[in-house]
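Results of the structural survey
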Amino acid sequence: MVSGLPSALAIERLPGCEFGLLATSDRAISDPAHRDSLADAWASCGGLLLIRAGELSPQSLVQTAGIFGTVEDCYATHVHPRLVHPTCSAIMTVTNRLDPNTGQPLFPPGAPCQAGESNVQFPLRRGWHTDCSFRWPPPDATLLYCEHPATLGQADTLIADAAAAYEALPPPEQQRLCSLRGVHCGFGLGRTEKDVLDGVPPSSREQ
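Residues numbered from 1 in each chain as written. Predicted model: local features only at pLDDT ≥ 70, side-chain atom pairs only at ≥ 80, totals over all residues. Heavy atoms only, no water.

A look at the confidence of the model for the protein
Taken over all residues, the pLDDT of the protein has a mean of 79, while the share at 70 or more is 77%. Summarising per-element confidence for the protein, the mean pLDDT is lowest in helix α5 (residues 193-197) (76) and highest in helix α4 (residues 171-178) (95). (pLDDT = per-residue confidence, 0-100. Helix = DSSP H or I, 4+ residues; strand = E, 2+ residues; numbered from the N terminus.)

Overview of helix α2 (residues 58-65)
Of all the residues in α2, the buried ones are P58, S60, L61, T64 and A65. All buried residues of α2 project into a common sector of 165° when viewed along the axis, lining one side. (Buried < 20%, exposed > 50% of the residue type's maximum accessible area, 1.4 Å probe, protein only. Arc of directions from axis to C-beta.)

Focus on the pattern of salt bridges
Close approach of charged atoms allows side chains of opposite charge to pair. Applying the stated criterion across every chain, the model contains one salt bridge. Here R176 ties to E173 by a salt bridge, and the two come within 2.9 Å at their closest N and O atoms. Note that R176 and E173 are positioned in helix α4 at a spacing of three residues, about one turn of the helix. Since its relative accessible area comes to 42%, R176 is described here as partly exposed. (Salt bridge = Lys/Arg side-chain N within 4 Å of Asp/Glu carboxyl O.)

Some points on the nonpolar core
Among the nonpolar cores identified, the biggest contains 15 residues, and L9, I11, L21, A23, I29, L38 and L49 are the most heavily contacted of them. Not counting chain neighbours up to four residues away, the residues in contact with I29 comprise L9, H34, L38, I51, A53, L56, T64 and I67. (Core = buried A, V, L, I, M, F, W, Y, C linked by side-chain atoms within 4.5 Å. Contact = heavy atoms within 4.5 Å.)

Considering the pairing of strand β3 (residues 49-52)
Alternating residues of β3 divide into L49 and I51, all buried, and L50 and R52, none buried. Pairing between strand β2 (residues 21-25) and β3: four bridges, direction parallel. Bridge pairing in β3 places A23 opposite I51. Assessed by its sense of winding, the connection that carries the chain from β2 through helix α1 (residues 35-44) to β3 is right-handed. (Pairing = 2+ DSSP bridges. Right-handed = clockwise from strand over helix to strand, strands pointing away.)

What follows is the structure, given as structure tokens:
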């Protein structure tokens, strides 16, 4: 337990984990009284802060995100319009559910399955969720809010400490990795790996 915090907010190490913090509160997590404590927890959590907040409205979710920095507008960062929350353009939806009005995936459609239905699962449905890591500079943080959790035992959420993984490598391997250059392009923006390697400048959508 971190001392000196408001009585309604508790912050502790994630049980069974070597990095990350868990924040729980008996009042609204977006309460202004929590702002400084949550910001400090984020700065010291090693990259992962799990918040048990209960049900949040879109407005409360954006207010909570604002504790950690400026919240971007999805239209300004060129998120596909189908993925923008219908009442709050600061929220992007990540889902494999179908649009109840059209029967199409809320994500842009992938290749259809053999029976013709829209495919919404890997491996036929390609693409990683990358949190705009192809942008420069990339965002400092992403706040994910789980609205429809999977049934216990049917899905896992796995988070790895990449910094710890690098630090555990032998020094020669660290030096080898430091000499490499990664190329990450936003495939939805039309800029390919070849464009990057050929020196084609990014469009305004990628900056």
